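Understanding the architecture of this molecule
Single-letter residue listing:
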Amino acid sequence: FSNGGGVAGTATGAKVNTNYPVTLYSVDQYNNQANDSTNVASITTPNDAYDTPPAQSQFNNGVVVVNVSHHTAGNNFHLVTTNGSTLTNNNSSSYNVAASTPFQVVAWIPSQQTLVPGVSTAAAAFTGAVSVVASNNPFNVNVALTDLYFNVVTGSSASASLVDATEAAAVQVTPINL
């Protein structure tokens, strides 16, 4: 930040489940810091429906620092400042959020289920109901390594095996998006 110039540079990539400090500046119409501001501001993360946005904070000498932690990985995220006063709301530059550390292996039937990234429970991580598949009818199963919030972790060389408990037949599976 520079008086009269505003914020320079762009937001850099983030990682799921990591706190990032974000500094907000109260400025006048010419982008000079308004040190006497005691307004309240908050940040929302419209690209991440599952995170918990930081609480509203009051400016102190024209500055407030809040921590942001995403639950959903993805591209073109941005932060939105909201004020509820006469201040102007602004969007940050866009940035990407990467999945966090590998945490679990998940499997789902893509013709019947969809993986939902950003959630914290297995019950919420899959939409769609699994129905009975008739004997001798092949079907696809997706297998992926995910972080704590069911975001697919890329760049792994892991593999998995599925075993049909009734037939005792093993099938080698190559994980998707790894």
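Residues numbered from 1 in each chain as written. Predicted model: local features only at pLDDT ≥ 70, side-chain atom pairs only at ≥ 80, totals over all residues. Heavy atoms only, no water.

1. A short note on the pairing of strand β3 (residues 40–44)
Note that β3 and strand β4 (residues 57–58) share 2 bridges and pair antiparallel. Bridging from a neighbouring strand, Ala-41 pairs with Ser-57 of β4. (Pairing = 2+ DSSP bridges. Helix = DSSP H or I, 4+ residues; strand = E, 2+ residues; numbered from the N terminus.)

2. Focus: the confidence of the model for the chain
Averaged over the chain, the pLDDT score is 82; the fraction of residues at 70 or greater is 81%. Taking the mean pLDDT of every element in the chain, the minimum, 53, falls on strand β14 (residues 169–173) and the maximum, 96, on strand β10 (residues 114–115). (pLDDT = per-residue confidence, 0-100.)

3. Points about the pairing of strand β12 (residues 142–146)
Most of β12 is tucked away, with 5 of its 5 residues classed as buried. Judged by which residues are buried, β12 turns out to be covered on both faces: Asn-142, Ala-144 and Thr-146 on one side and Val-143 and Leu-145 on the other are all buried. Pairing geometry for strand β9 (residues 104–108) and β12, over 5 bridges, is antiparallel. Directly across from Val-106, in β12, lies its bridge partner Ala-144. (Buried < 20%, exposed > 50% of the residue type's maximum accessible area, 1.4 Å probe, protein only.)

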